[in-house]
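# Observations on chain architecture
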Amino acid sequence: MTPSARVQAAVEVLDAVIASAREDGPAADAIVSDYFRSRRYAGSKDRRAVRELVFQAIRHSAEVPASGRAAMLAVAPELFDGSPHGPAPRGDGEKAAAAGVVPAWLTGELSPVVGAEEWAALVERAPLDLRVNVARTSRDAVLPLFEGAEPTPLSPWGLRLPADSRVTEHPAFAEGLVEVQDEGSQLIALACAPSGGQRIVDLCAGAGGKALALAAAAPEAEIIACDTNLQRLSRLAPRAERAGAIIATRLLDAPREAEALRDLEGRCDLVLVDAPCSGSGTWRRNPEGRWRLTPERLERLLALQGRVLDLAAPLVKPGGRLVYAVCSLLAREGDEQAAAFLSRHSSFRPQETGLAAGRSDGVGRLLTPGHDRTDGFFIAGFAAT
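Residues numbered from 1 in each chain as written. Predicted model: local features only at pLDDT ≥ 70, side-chain atom pairs only at ≥ 80, totals over all residues. Heavy atoms only, no water.

This part is about the overall build of the protein chain. When helices and strands are counted, the protein chain shows 15 helices and 13 strands. Considering only C-alpha atoms, the protein chain reaches an extent of 70 × 45 × 40 Å along its principal axes. Counting all 385 residues of the protein chain, 54% fall into the buried class. For the protein chain, restricting intrachain contacts to residue pairs at least 6 apart in sequence, the fraction spanning at least 24 positions comes to 71%. Looking at the protein chain as shown, the accessible area adds up to about 16600 Å², and 52% of this sits on carbon and sulfur atoms. Distance from the positive charge centre (44 side chains) to the negative charge centre (50 side chains) of the protein chain: 2 Å. (Helix = DSSP H or I, 4+ residues; strand = E, 2+ residues; numbered from the N terminus. Buried < 20%, exposed > 50% of the residue type's maximum accessible area, 1.4 Å probe, protein only. Contact = heavy atoms within 4.5 Å. Areas by Shrake-Rupley, 256 points an atom, 1.4 Å probe, with all protein chains shown as cover. Lys, Arg positive; Asp, Glu negative; His and termini not counted. Charge placed at Lys NZ, Arg CZ, Asp CG, Glu CD.)

Next up, the structure:
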C-alpha cells in the first residue's frame, strides 16, 4: 500500500470507530482487526501503519470527529493529494478535526490536583509495564531476561519495557514469572498491604489482575475474587494456574449480590473495591474512551460505585480494611465518592494507604500520568472500627 492508500484505509476504519463510539459498539482494536480480516492483500507493515494512523487520529481529538476523513485531515493533510487509492484532495474550506485532550464537558469534572499542564500526558502512548510474580522469583532475577527492561520507579514488583515489546510469547510469561500490569495497578495491591492468614475479597475482580498481585504478595492469604461478569471472571483461572496462585472465584448475580456475599459478612480482613469507572485515567491506552463517555453514562457509573461500596462495607470485620480504587481522574469518582461513603458509614474512618507515590486528594491519593508516569488512579483506604 502507498502512504496515501494507508491514509484512505485509516479513514474507512475511523468512520467505523466513530460510529461504534456513538453506538457503544466494538472497540477500535477489534474494528481494525475486522477491517483487515477481509483484506488479506495488506501486509503486516501496512496493517501496523494503518493502525498507527488510526490511533494517532484518535489521540488527537478529545471530541468525536465529524468523520474519519476529518480525523485524518488533522494528522496527515499532506497525503490528501489525489493519489491513486488515496483520499480525494481536500476541498476548499474543508475542516480537520479539532485538537484536544479533555472533552469540554469533562474539564470541570477533573480533580483539582490535575493541572492543565499535565493534560498532554493523559493521551501520550503508555509504556508496557510488567509485574514480577514475587511468590516465585525476584525482580532482580527477571530483569536481565527482557531486553530494554528497567525497574519501575514506584513499584518494587515492576519492570518497564518499550511500548512495542511483545511478552506473551516470552518463556518468563509462559512460566508465570511475570504478568502485564501497569505500575499504577500494582500500587493498588501494595496499598492493600496483604499478609498471610488474611481473608481478602476482591469485589470487582474482572479478569483478576489485582487478585493475582495480592496472591503473589501474600501466598498464604485466602483470596476470593468476585464479579458479575462470567466472561471476565473466567479468564482468571488459567492466569492463576500459570502463576501458581490459589484464588477462589465467586460469580455474583446482579442485583442479588448481597445474598451471594452473606456468608462473608463481618469475616473479611480486607476488601478491595476496584470499581467500574469512567476509565479517564487510562486514556493513554484507550484514547477512544473519551469519545464513548457521556454525562448519562457517568451518572450510572457514579451510582454503581456507591452501590458496590455499600455492598463491601458489611463484609469487613472490626479492625479490617476496605480499599477503594478507580482508574479515574474525575473528582466525583474519586475523593467525592470516598467522602460520600464515609458520610453513609460511620463505622469506617479514613486510613492512610502508606503510598508515597501520587499526591494527596481529599482522603485518598491520586496517581496521574503526568506526575507519576502511571495510569491515573484514585486510591483511598478505610478502617472498620
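Right, picking up where we left off after that structure.
Take the nonpolar core next. Counting residues in hydrophobic clusters, the biggest one holds 79 residues, and the most contacted among them are Leu 203, Val 273 and Leu 322. Per element, the largest residue contribution to this core is seven residues, and it comes from helix 13 (residues 295-312). In this view, Val 273 contacts Leu 203, Cys 204, Val 308, Leu 309, Ala 312, Leu 322, Val 323, Tyr 324 and Ala 325; residues no more than four positions away in its chain are not counted. Ala 9, Ala 71, Met 72 and Phe 80 belong to the second largest nonpolar core, which has 28 residues in total. (Core = buried A, V, L, I, M, F, W, Y, C linked by side-chain atoms within 4.5 Å.)

Okay, the layout of surface pockets next. Looking at the second largest pocket, its volume works out to about 300 Å³. What lines the second largest pocket is simply Asp 29, Val 32, Ser 33, Phe 36, Arg 47, Arg 48, Arg 51, Glu 52, Arg 125 and Asp 164. Within the residue set of the lining of the second largest pocket, elements represented by two or more residues are helix 2 (28-37) and helix 3 (44-60). Here the residues of the lining of the second largest pocket sort into two nonpolar, one polar and seven charged. (1 Å grid on protein atoms, 1.4 Å probe; cavity = no way out; pocket = protein on both sides within 12 Å on 5 of 7 lines; lining within 4 Å. Points joined across faces, edges and corners; volume = space filled by probe spheres on them. Nonpolar A, V, L, I, M, F, W, Y, C, P; charged D, E, K, R; others polar.)

Spatially, four strands are ordered 2-3-1-4 in an open sheet, and the strand pairing comes out antiparallel. Here the strands that pair on one side only, and so sit at the sheet edges, are strand 2 (150-151) and strand 4 (178-180). Sheet topology note: the strand 1 (residues 128-132)/strand 3 (residues 158-161) ladder contains four bridges and is antiparallel. By the bridge assignment, Leu 128 is partnered in strand 3 with Leu 161. (Pairing = 2+ DSSP bridges.)

Residues of helix 14 (residues 335-344) that are buried include every one of Gln 337, Ala 338, Phe 341 and Leu 342, and no others. In an axial view of helix 14, the angular spread of the buried residues amounts to 140 degrees, which keeps them on one side of the axis. Buried residues in helix 14 make contact with helix 13, strand 9 (316-326), strand 10 (348-351) and strand 13 (377-384). (Arc of directions from axis to C-beta.)

This part covers the pairing of strand 3. On strand 3, burial covers both faces: Gly 158 and Arg 160 on one face and Leu 159 and Leu 161 on the other are all buried. In this structure, strand 2 lies alongside strand 3, joined through two bridges in antiparallel fashion. Bridge assignment links Pro 151 to a residue of strand 3, and that residue is Leu 159. Where strand 2 folds back on strand 3, the antiparallel hairpin that results is connected by six residues.

This model, assessed by the stated rule, comprises four aromatic pairs. An aromatic cluster is built from Phe 341, Phe 348 and Phe 382, whose rings are joined through pairwise contacts. Positioned above the aromatic ring of Phe 173, the side-chain terminus of Arg 242 is 4.2 Å from the ring centre. (Phe/Tyr/Trp six-rings, centres within 6.5 Å; stacked < 30°, edge-to-face > 60°. Lys NZ or Arg CZ within 6 Å of the ring centre and 35° of its normal.)

Under the defined criterion, the tally for this structure stands at one cavity of 30 Å³ or more. In this model, the largest cavity occupies a volume close to 30 Å³. Its residues assigned to classes, the lining of the largest cavity shows five nonpolar, three polar and two charged.

The final tally for this structure, using the stated rule, is 30 salt bridges. Here Glu 179 and Arg 239 are joined by a salt bridge, their closest N and O atoms 3.1 Å apart. Of this pair, Glu 179 sits in strand 4 while Arg 239 sits in helix 10 (residues 236-243), placing them 60 residues apart in sequence. Exposure remark for Arg 239: the relative accessible area of 17% places this residue in the buried category. Note that Asp 227 is salt-bridged to Arg 232, the shortest N-O span being 2.9 Å. On the basis of relative accessibility, which here comes to 34%, the residue Arg 232 falls in the partly exposed class. Salt bridges here are not isolated pairs; linked through shared partners, they connect Asp 182, Arg 284, Arg 285 and Asp 375. (Salt bridge = Lys/Arg side-chain N within 4 Å of Asp/Glu carboxyl O.)

A two-sided burial pattern is seen for strand 12 (residues 364-367), the buried positions comprising Gly 364 and Leu 366 on one face and Arg 365 and Leu 367 on the other. Bridge count for strand 11 (residues 359-361) against strand 12 is three bridges, and the pairing is antiparallel. Paired with Arg 359 across the strands is Leu 366, a residue of strand 12. The hairpin turn running from strand 11 into strand 12, its antiparallel successor, is two residues long, and Gly 362 in that turn takes a positive phi close to 65 degrees. As paired elements, strand 12 and strand 13 share three bridges and run antiparallel to each other. Following the sheet pairing, Leu 366 is matched in strand 13 by Phe 378.

In this structure, the amide linkage connecting Ala 254 to the following residue, Pro 255, adopts the cis form with an omega of 5 degrees. By secondary structure assignment, the location of Pro 255 is in the loop between strand 7 (248-251) and helix 11 (257-260). Unlike most non-glycine residues, His 85 shows phi in positive territory, near 65 degrees. Along the chain, His 85 turns up in the loop between helix 4 (68-73) and strand 1. Residue class for His 85 comes out exposed when judged on its relative accessible area of 70%.

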